[in-house]
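# Examining the three-dimensional arrangement
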Amino acid sequence: MATRDLRSDDPSTDPDADYDYTSDSVERPGLVDDLRERVDGDVRFDSYTRQLYATDASIYEALPVGVVFPTSTDDVAAVVSYCADRGIPVLPRGGGTSLAGQAVNEAVVLDFKHAMNGFVGFDPEAETARAQPGITLAALNDELAAHGLKYAPDPAWGDKSVLGGAIGNNSTGAHSLQYEKADGYLESAEVVLADGTVTTLGWVDTDDLDALADPDGDLEARIYADLRRLLDEEADRIRERFPDLKRNVSGYNYDRLLADAEAHGAVNAARLLAGSEGTLGIITEAEVSLEPVPAETAVAMLTYDDVRDAMQDVAPVLDHDPSAVEVMDDVFLDLARDTDEFADVVGLLPDGTDSTLLVEFYADSPAEARRRVADLLADRLPSATPAADPPGATTTDAPVHAVDALEAYDDDRQAHFWKMRKAGLPILLSRTSDEKHYPYIEDTAIPADHLPAFVADFQAILDDLDTVASYYAHAGPGVLHVRPLVTLADEAGVAKMAEIADRVTDLVVEYGGAVSGEHGDGRARSQWNRKFYGEDLWASFRRTKAAFDPDWILNPGPVCGDAAGEIDMTDHLRVAPDDEFDAGFDPALNWDTENGFRGMTELCHGCAGCTGHQDTTGGVMCPTYRAANEETLSTRGRANMLRSAMNGHLPADPLDDEFLTEVLDLCVGCKGCKLDCPSGVDMAKLKTEVKHASHQADGVGVLDRLFGHTEALFHLGSALAPVSNWATALPGAGALAEKTLGIAAERDLPTFRRESLRAWFDARGGSRVPEAAAEHTVLLAPDPYTNYSTVAVGKAAVRVLEAAGVHVALPDGVGTSGRPAYSRGLIDRTRRIARENVAALAPKVADGWDVVYVEPSDAVMVQDDYHDLLSSAPAASVAANTYGVCEYLDRHGLDAAAGFDADGESLAYHGHCHQKAQQRDHHAVGVLRRAGYEVDPLDSTCCGMAGSFGYEAEHYSMSQAIADILADQVADSDADTVTAPGSSCRSQLSERDDVDTDGAPPHPVQKLADAL
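Think of each chain on its own: its residues are numbered from 1, step by step along the sequence as written. It should be noted that, the model being predicted, local features are given only for residues of pLDDT at least 70 and side-chain atom pairs only at 80 or more, the latter also being counted only at that level, while totals for whole chains, interfaces and linings use all residues. Note: side-chain values were computed over all heavy atoms of the structure, leaving out hydrogens and water.

Per an unreviewed UniProt entry, the recorded name for the protein chain is D-lactate dehydrogenase (cytochrome), and the organism is Halobacterium salinarum. UniProt positions are given in the numbering used here, feature names are shortened, and annotations may be inferred rather than shown by experiment. According to the UniProt record, the Sequence similarities (unreviewed entry) comment for the protein chain is "Belongs to the FAD-binding oxidoreductase/transferase type 4 family."

### Section: the overall build of the protein chain
Numbering of helices and strands starts at the N terminus; helices are DSSP runs of H or I of at least 4 residues and strands are runs of E of at least 2. Looking only at helices and strands, the protein chain has 45 helices and 28 strands in total. In terms of C-alpha radius of gyration, the protein chain reaches 30 Å, essentially the compact-globule figure of 31 Å for 1012 residues. Taking the principal axes of its C-alpha atoms as reference, the protein chain extends roughly 95 × 75 × 60 Å. Each of the 1012 residues in the protein chain was classed as buried or not, and the buried ones make up 65%. Two residues qualify as a contact provided that any one of their heavy atoms is within 4.5 Å of a heavy atom in the partner residue. Of the contacts formed within the protein chain by residues at least 6 apart in sequence, a portion of 75% connects residues at least 24 apart. Roughly 34900 Å² of accessible area belongs to the protein chain as shown, and the carbon and sulfur atoms make up 45% of that amount. Within these notes, the globule rule equals 2.2 Å times the number of residues to the 0.38 power, and the radius of gyration is based on C-alpha atoms. Burial status follows relative accessibility: with a 1.4 Å probe on protein chains alone, a residue under 20% of its type maximum counts as buried, one over 50% as exposed, and anything between as partly exposed. Surface exposure here means Shrake-Rupley accessible area, sampled with a 1.4 Å probe, where a residue is shielded only by the protein chains that are shown.

### Observations regarding the nonpolar core
One broad rule of soluble globular proteins: the nonpolar side chains tend to lie buried together. We define a nonpolar core as any set of buried Ala, Val, Leu, Ile, Met, Phe, Trp, Tyr and Cys residues linked to one another through side-chain atoms lying within 4.5 Å. Ranked by internal contacts, the top residues of the largest apolar core, which has 153 residues, are Tyr151, Leu163, Leu302, Leu357 and Tyr440. Counting residues per element, this core draws most heavily on helix α3 (residues 73-86), at 8 residues. Every residue in contact with Tyr151, bar those within four places of it in the chain, is listed here: Leu137, Leu140, Asn141, Leu144, Leu163, Ile167, Ala182, Tyr185, Val288, Ser289 and Leu290. With 62 residues, the next largest nonpolar core counts Leu91, Phe585, Cys604 and Cys622 among its residues.

### Things to note about the packing of aromatic side chains
Each Phe, Tyr or Trp ring, with Trp reduced to its six-membered ring, pairs with another whose centre is within 6.5 Å; inter-plane angles below 30 degrees give stacked pairs, above 60 give edge-to-face pairs, and intermediate values give tilted ones. Inspection of every chain in the model, using the stated rule, returns 23 aromatic pairs. Look at Trp591 and Phe597: their rings are 5.4 Å apart centre to centre, the planes differ by 70°, and that puts the pair in the edge-to-face class. The class of Trp591 is buried, set by a relative accessible area of 12%. Pairing Phe714 with Tyr785 gives two aromatic rings, centres 4.8 Å apart and planes at 65°, and the pair type is edge-to-face. Within this pair, whereas Phe714 is found in helix α29 (residues 710-720), its partner Tyr785 is found in helix α33 (residues 784-789), the two being separated by 71 residues in sequence. Residue class for Tyr785 comes out buried when judged on its relative accessible area of 16%.

### Details of the pattern of salt bridges
Pairs can form between side chains of opposite charge once their charged atoms are near each other. We count a salt bridge whenever a side-chain nitrogen from Lys or Arg sits within 4 Å of a carboxyl oxygen from Asp or Glu. One pass over the structure, following the stated rule, counts 54 salt bridges. Where Arg228 meets Asp210, a salt bridge forms, and the shortest distance between an N and an O atom there is 3.9 Å. Of this pair, Arg228 sits in helix α7 (residues 219-233) while Asp210 is found in helix α6 (residues 209-212), placing the two residues 18 residues apart along the sequence. Arg228 sits in the buried class, given a relative accessible area of 19%. Each of Glu180, Asp183, Glu187, Arg256, Asp260 and Arg271 takes part in a single network of salt bridges with overlapping partners.

### Description of the sheet that holds strand β3 (residues 90-93)
Pairing in this open sheet of 4 strands is mixed, and the strands run β1-β2-β4-β3 from one edge to the other. Whereas interior strands pair on both sides, the edge strands pair on one side only; in this sheet they are β1 (42-44) and β3. Each neighbouring strand pair of the sheet contributes to a mean axis angle of 20°, computed without reference to strand direction. In terms of strand pairing, β3 meets strand β4 (residues 108-111) through 4 bridges, oriented parallel. Directly across from Val90, in β4, lies its bridge partner Val108. The convention used is that axes are lines fitted to C-alpha atoms, helices contributing only their stretch in contact, and that angles between N-to-C directions extend from 0 to 180 degrees. Along the sheet, α3 makes contact with β2 (66-69), β3 and β4, crossing β4 at roughly 170°. In this scheme, strands are said to pair when DSSP sees at least two bridges between them.

### Thoughts on the state of the cysteines
Counting rule for disulfides: a pair of cysteine sulfur atoms within 2.5 Å. Counted under the stated rule, the structure contains 0 disulfides. Looking at Cys673, it has no disulfide partner, and the nearest cysteine sulfur is the one in Cys670, 6.1 Å off. With relative accessibility at 6%, the residue Cys673 sits in the buried group. Summary of cysteine pairing: Cys913 is not part of a disulfide, and the nearest cysteine sulfur, belonging to Cys942, is at 4.2 Å.

### Some points on the confidence of the model for the protein chain
The pLDDT value tells you how sure the predictor is about a given residue, anywhere from 0 up to 100. Averaged over every residue, the pLDDT of the protein chain is 94; the share at 70 or more is 98%. Long-range and interchain partners of residues 1-8, a stretch whose pLDDT sits below 50, account for 22 contacts in this model, where long-range means more than four residues apart.

### Thoughts on the side chain of Ser959
Relative to the helices and strands, Ser959 resides in helix α43 (residues 956-972). Taking the relative accessible area as the measure of exposure, Ser959 reaches 0% and is therefore buried. Reaching out from Ser959, the side chain makes a polar contact with the side chain of Gln988 at a distance of 3.0 Å. Setting aside anything within four residues of it in sequence, one finds Ser959 in contact with Arg747, Cys943, Gly944, Met945, Phe949, Gly950 and Gln988. Any pair of nitrogen or oxygen atoms within 3.5 Å is treated as a polar contact; in protein, a donor-acceptor pairing is required on top of that, and neighbouring residues in sequence qualify only through side-chain atoms on both sides.

### Section: the domain arrangement of the protein chain
Split into domains, the protein chain comes out as domain 1 (29-111), domain 2 (119-292), domain 3 (296-522), domain 4 (597-698), domain 5 (709-892) and domain 6 (899-1011). Domain 1 and domain 5 are separated by 50 Å when their C-alpha centres are compared. As used throughout, domain bounds are those supplied by an automatic or database domain assignment.

### Notes on the pairing of strand β20 (residues 469-474)
Of all 6 residues that make up β20, 6 are buried, and the element is covered over most of its length. Sheet topology places strand β15 (residues 324-328) next to β20; 2 bridges connect them, and they run antiparallel. Residue pairing for β20: Met328 is matched across the bridge by Tyr472. Summarising the sheet, β20 and strand β21 (residues 479-487) pair through 6 bridges and their orientation is antiparallel. Directly across from His474, in β21, lies its bridge partner Val479. The antiparallel pairing of β20 with β21 creates a hairpin that spans 4 residues between the two strands, and Gly478 there sits at a positive phi of about 85°.

### So, the UniProt feature "domain: FAD-binding PCMH-type" (unreviewed entry) in the protein chain
In the numbering adopted here, UniProt assigns the feature "domain: FAD-binding PCMH-type" (unreviewed entry) to residues 60-293. With 30% helix and 21% strand, residues 60-293 has end C-alpha atoms that lie 37 Å from one another.

### A few points about the sheet that holds strand β24 (residues 850-853)
Strand order in the open sheet formed by 4 strands is β23-β22-β24-β25, with parallel pairing between adjacent strands. Only two strands of the sheet have a single partner each, and these edge strands are β23 (806-809) and β25 (882-884). Within the sheet, the average angular offset between the axes of one strand and its neighbour, ignoring direction, is 35°. Of the pairings in the sheet, the one linking strand β22 (residues 776-781) to β24 comprises 4 bridges and is parallel in character. Across the sheet, residue Val778 finds its bridge partner in β24, namely Asp850. Here helix α37 (residues 856-869) sits on the sheet in contact with β24 and β25, set at roughly 155° to β25.

### Observations regarding a negative patch on the surface
Patch construction takes residues with relative accessible area above 30% that form no salt bridge. Like charges are linked within 9 Å, and nonpolar side chains (Val, Leu, Ile, Met, Phe, Trp, Tyr) are linked within 5 Å. All tallies of charge rest on Lys and Arg as positive and Asp and Glu as negative; His and the ends of each chain are not included. Positions of charges follow a simple convention, taking NZ of Lys, CZ of Arg, CG of Asp or CD of Glu. A surface patch of negative charge is lined by Glu435, Asp490, Glu491, Asp578, Glu580, Asp582 and Glu594. With respect to the element layout, Glu594 can be found in the loop between α21 (535-548) and α22 (596-601). Among the residues examined, Glu594 registers a relative accessible area of 53% and is labelled exposed.

### Some remarks on helix α17 (residues 451-464)
A helix is expected to reach a length of 1.5 Å times the quantity of its residues less one. With 14 residues, α17 ought to run about 20 Å at 1.5 Å a step, and its terminal C-alpha atoms sit 20 Å apart, in line with that. Three or more residues of α17 are buried, namely Leu451, Pro452, Phe454, Val455, Phe458, Ile461 and Leu462. Of the residues one or two after α17, Asp466 is the one with positive phi, at around 60°.

### Notes on a nonpolar patch on the surface
Nonpolar side chains collect at one region of the surface, where Leu716, Leu720, Val723 and Trp726 lie side by side and expose about 430 Å² of accessible area between them. Secondary structure elements with two or more residues in the nonpolar patch: α29 and α30 (723-729). Within the secondary structure, Trp726 is located in helix α30.

### Some details on the packing of α17 against helix α18 (residues 491-510)
At a minimum axis separation of 11 Å, α17 and α18 run at an interaxial angle of 160°. Viewed along their axes, α17 and α18 adopt a mutual orientation that is roughly antiparallel. For the pair α17 and α18, the sense of crossing is right-handed. Touching Phe454, Asp457, Phe458, Ile461, Leu462 and Asp464 of α17 are Ile500, Arg503, Val504, Leu507 and Val508, all from α18. What sets the label is the angle itself: under 35 degrees gives roughly parallel, over 145 gives roughly antiparallel, 65 to 115 gives roughly perpendicular, and the rest give oblique. Here a crossing is called left-handed whenever its near helix is offset anticlockwise from the far helix by less than a right angle, and right-handed whenever the offset is clockwise.

Right, dumping it as structure tokens:
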């Protein structure tokens, strides 16, 4: 079995590591000891772990008893058996991406994503695959790609959500027009029943049910007896009350059971577990059937003046047999426009666009894909000029509503359109106000012909209650994710939420729809099953639950209530009226968001966008999670912990040593979450704020003070060179540095140059391009590394800029940007440095000079972080006119004048994470390619050095675990040479035995200088 071994080299096992991902406060230690005796997996009942698993992607929070990380079916059976004997609830959990609260409960949580994430095998004849429940859907499909097959259900977060969760929710996705829900692909499952029994559930002929069924027998026999009851006694009610829709996942999966019996003369008991949300049994291995991967796809984005016009267009669009039809309204688009990640996509839409329909087609060839889009446009937007001529268009009699259209045929453009749509919920929850677009009635499914009327009536409810909503998602199958804007911070807001849900449920019944089309019942919707299905089927659901789980220990509550029949959507809210936020300090940075610092700490809603892996998700966020697969190391984990400590849900002081060590210190400050998190959680900034408060309360430690004064250290090292270099190379010097300063003995310390960049530049007489003859004048700011250590990089930058006709000067009074001090939480020192730099640079900028940095982190410090430190027009002007060196060449089109002529050498380019967060890392790629290099831009995360982070002895193993990911990507590249603009990145790569760098890798500007 191929497994993703994510814990074999756990960085916390390093003797120097000072963290173990847990707190010292452990609940029920006797229970912990008992379970540890019975399972091979980890058992954690500490306060930090419990809080981490108290939330998912919903509006709910329920503190679990503890968390077990099973490694096998035997582990799962042992936990369930033990808990069943003692009446302790058990909750199976996958990626924690559930939107209705079905993944949180006061129970022992089984985290399957941690270790039970293996691909078991593929049957080419049957075209089925077997896998464990913790495998992400993206990883599963990666295993199948070579066979031209895929697991068809494709929820938006498929690279973070897992197979077990997809089955538990009975998920589908944007392509349900073409495919079935998860139940339609579940062939069999290994299941741990509520008493700990392990069995396999699959197809059984209806004629054989009587032989298996016994209402007085063992648990499995009673389960088959209940299936017999459903077919014999409930068939008419099922036909009458279950909506005739592909997209209904409310209640237990009775309609699938009946449909299979009628179509095949057989039932599949495993399929009853689909959509059961872990309340009937726990799947530990599943066999699923597969679908062919389409040869080609194409997308048309139709634009509208009003969302109701878009709804009117859905039915005629469906006549063109698309694979998907997705809607996005004005509220959604306005919020997307304000996010760094999607502003450029929204910017492509015509002015005045209110709503869009994203229409996708499958095709057998690129030509057919273009024809299908052309056919759609000829009918729905005759004024358009598509990329292909329609071949005798399919036309409808419906009036034209669309205003404009965008087409997408290449993979990247299509992926960007889809990424914006799939990030819908996080985008909507990017508000930092108390009012948010919470999910609770967001999953209704309505027949397409009734959508316009349903939307109008829904809007009338919103108008009556004085609120607004966003409409987006799967318009084709009638599944609208409607997110009313409400606050849960006061009783009136909670009451409004409940009233909206109640009235909308009545609408759903009126229009023959479903309360949940894909996100499930959970805590948000289970209570409405009683109204939706009627008392008889509600009672039947409870009989089925009792047959599978007589003691009601498996995730009690979702679908049909707990043992007492109770379930209330307003219980266990994550944000509650009685919450009182207290950071314990006054923020020192500028927080230009509604609710300021508090708003940012409450911004994460748990979508798990930060828990994807490099090979399936890409991007930067979150390197420490990717290295260790620990929830507390994800942006979500840190944000949840910080919020909980400040609103009183977690009894911990965010400024104490344990909290800082376990929760915040392992954040490398890569800024990846600022871009990659669709909600825009800025964990690096939050960490800086909290670290500063810690310094204010307890003083500044030795390492923070040392690394926060890099400029002085490097100046001294340069002045004493080469003696300073000999001293650090002496035998035992590394061990001494680790013992006295905490710097990892394994690290090579920087090599200092006797002649600094500034001294060299002065000695050569300044710039070789006269100011009077230059169209562009640049202040090349000498950061400490470039000035005192990597002087050759600075010299290369001067040569390249001058070759492009730029007059270069090194500004007086400007050294460090303040990045080292800022990364250590020394805000007061950083603010002083920023003020001095702005005072020195602003007059020259006003005279038309630009500021250029060789070191990316310093450039971004001025471009971005100075806004958080200073509120002044001069600071804003300096920030707006500051560039990284390759960014400057690219933005001003100067590389053509330089006359580069590279020899076609191939380069693997590792961009700096800070520039990636600002979407500025691509400039180097463009310039290098135009210079004549072949460039492979790696979709990489942080290198793991992260400034001073990787030098610390306690963080060395984590730094190397992160670097393992980058080293694998470099090894997989066909490029001759790896290049990186960050000095930390180059240091990290140069120390790796598995990366062939022949010394330190070159900075891109050095490769440009080589090409002159």
